[in-house]
Amino acid sequence: MALRSYADVPNRIVRLFLEQAGRQYDQNRGLPLFRSMTAPLLARFGNSCAYCGHATALVAEHVVPINRTAVGLHAWGNIVPACEPCNKIKAGHPWEEHPRLDWPRKSAIAAYIAEYQYQPDITELRIVVEKLYELADTQTRALIDFGLVASRPHIAGLHTSVPPSP
Ligand SMILES: [Zn+2]
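Residues numbered from 1 in each chain as written. Predicted model: local features only at pLDDT ≥ 70, side-chain atom pairs only at ≥ 80, totals over all residues.

A count of helical and extended segments in the chain gives 5 helices and 2 strands. In sequence order, the secondary structure elements of the chain are arranged as α-α-β-β-α-α-α. A buried classification covers 25% of the 166 residues belonging to the chain. (Helix = DSSP H or I, 4+ residues; strand = E, 2+ residues; numbered from the N terminus. Buried ≥ 20, exposed ≤ 12 C-beta atoms within 10 Å, placed from the backbone.)

Laid out in structure tokens, this is it:
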């Protein structure tokens, strides 16, 4: 996999922030930290993709995307199992519009969100996230302009030759 562009750094910082905000939200709701998808969580979706129902390799999918547009959180009630194709199709789109979603699965996701009462007030969070993105973007661009992380890949310390395995 190719190294992502440095332009992606602000988005990744926003994601880290929303992961942390999600932990805080869970803690405030008296829920255990969301570490990984638990057996009960997987079971409630039939150990299959919450969108298409296929029982295959599953990833943790954020129902409300954790990006600065949607401001979803890494928290209980916002993470469902999904197959990788469905995860890719979904990307930043609203979950209700997922093309592989049928009515029973849509209801199952809605019930899961309701049970965990996932409904954070993201008004202030959105302002913080926008500011964070702006700051990170400005700082990253400054580094690029300064020539430290230009498109040329030579940053001191990154170029270590690895001896070939015997
Ligand atoms: Zn799927």
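Glancing now at the nonpolar core. Grouped together as the largest cluster of nonpolar side chains are 27 residues, with contacts concentrated most on Cys 49, Val 80 and Ala 82. Looking at this core, the elements with two or more residues in it are helix H1 (9–28) and strand E2 (79–83). Aside from chain neighbours lying at most four places away, what touches Cys 49 is His 54, Thr 56, Leu 58, Pro 81, Ala 82, Cys 83 and Cys 86. (Core = buried A, V, L, I, M, F, W, Y, C linked by C-beta atoms within 7 Å. Contact = placed C-beta atoms within 7 Å.)

Right, let's talk about unusual backbone geometry for a bit. Here Val 71, not a glycine, exhibits a phi torsion of approximately 55 degrees, which is positive. Mapping Val 71 onto the fold places it in the loop between strand E1 (58–62) and E2. Here the phi dihedral of Gln 117 falls at roughly 50 degrees; this positive angle occurs in a residue that is not glycine. For Gln 117, the location among the structural elements is in the loop between helix H4 (103–115) and helix H5 (123–145).

This part covers H4. The terminal C-alpha atoms of H4, which comprises 13 residues, lie 18 Å apart, in line with the 18 Å expected from a rise of 1.5 Å per residue. Gln 117 occupies a position one or two residues after H4 and carries a positive phi of about 50 degrees. (Expected span 1.5 Å × (residues − 1).)

What follows deals with the pairing of E2. Buried residues dominate E2, accounting for 5 of its 5 residues. Side chains Ile 79, Pro 81 and Cys 83 of E2 all project onto a buried face; the interleaved residues Val 80 and Ala 82 project onto the opposite face, where all are buried too. In terms of strand pairing, E1 meets E2 through 5 bridges, oriented antiparallel. Its bridge partner being in E2, Leu 58 is matched across the sheet by Cys 83. (Pairing = 2+ DSSP bridges.)

Our next topic: the confidence of the model for the chain. Detail in the predicted coordinates should be disregarded across regions flagged by low pLDDT. Per-residue pLDDT for the chain has a mean of 89; in total, 89% of the residues score no lower than 70. Within the chain, the lowest mean pLDDT, 91, falls on H5, and the highest, 98, falls on E2. (pLDDT = per-residue confidence, 0-100.)

Along the chain, Gly 22 turns up in helix H1. The exposure class of Gly 22 is buried, given the 24 C-beta atoms found within 10 Å. Note: C-alpha distance between Gly 22 and Ala 75 (53 residues apart in sequence) is 4.7 Å. Apart from the residues lying within four places of it in its own chain, the contact partners of Gly 22 are Phe 34, Leu 73, His 74 and Ala 75.

Note on placement: Ala 111 falls in helix H4. For the pair Ala 111 and Gly 77, spaced 34 residues apart in the sequence, the C-alpha separation amounts to 9.3 Å.

Moving on, we get to the packing of H1 against H5. The geometry of H1 relative to H5 is characterised by a closest axis approach of 8 Å and an angle of 145 degrees between their N-to-C directions. Pair H1 / H5 crosses with right-handed handedness. Taken together, the residues of H5 that come into contact with H1 (itself represented by Val 9, Pro 10, Ile 13, Val 14, Phe 17 and Ala 21) are Leu 125, Val 129, Leu 132, Tyr 133, Ala 136, Asp 137 and Thr 140. Classifying every residue of the contact of H1 with H5 by side-chain character gives 11 nonpolar, 1 polar and 1 charged. (Axes fitted to C-alpha atoms, helices over the stretch in contact; angles between N-to-C directions. Left-handed = near helix turned anticlockwise from the far one by under 90°. Nonpolar A, V, L, I, M, F, W, Y, C, P; charged D, E, K, R; others polar.)

Attention now moves to the environment of Ala 82. With respect to the helices and strands, the residue Ala 82 is situated in strand E2. On a C-alpha basis, the gap between Ala 82 and Ala 60 in space is 6.4 Å, while along the polypeptide they are 22 residues apart. Those residues in contact with Ala 82 that lie beyond four places of it in its chain are Cys 49, Ala 50, Tyr 51, Leu 58, Val 59, Glu 61 and Asn 87.

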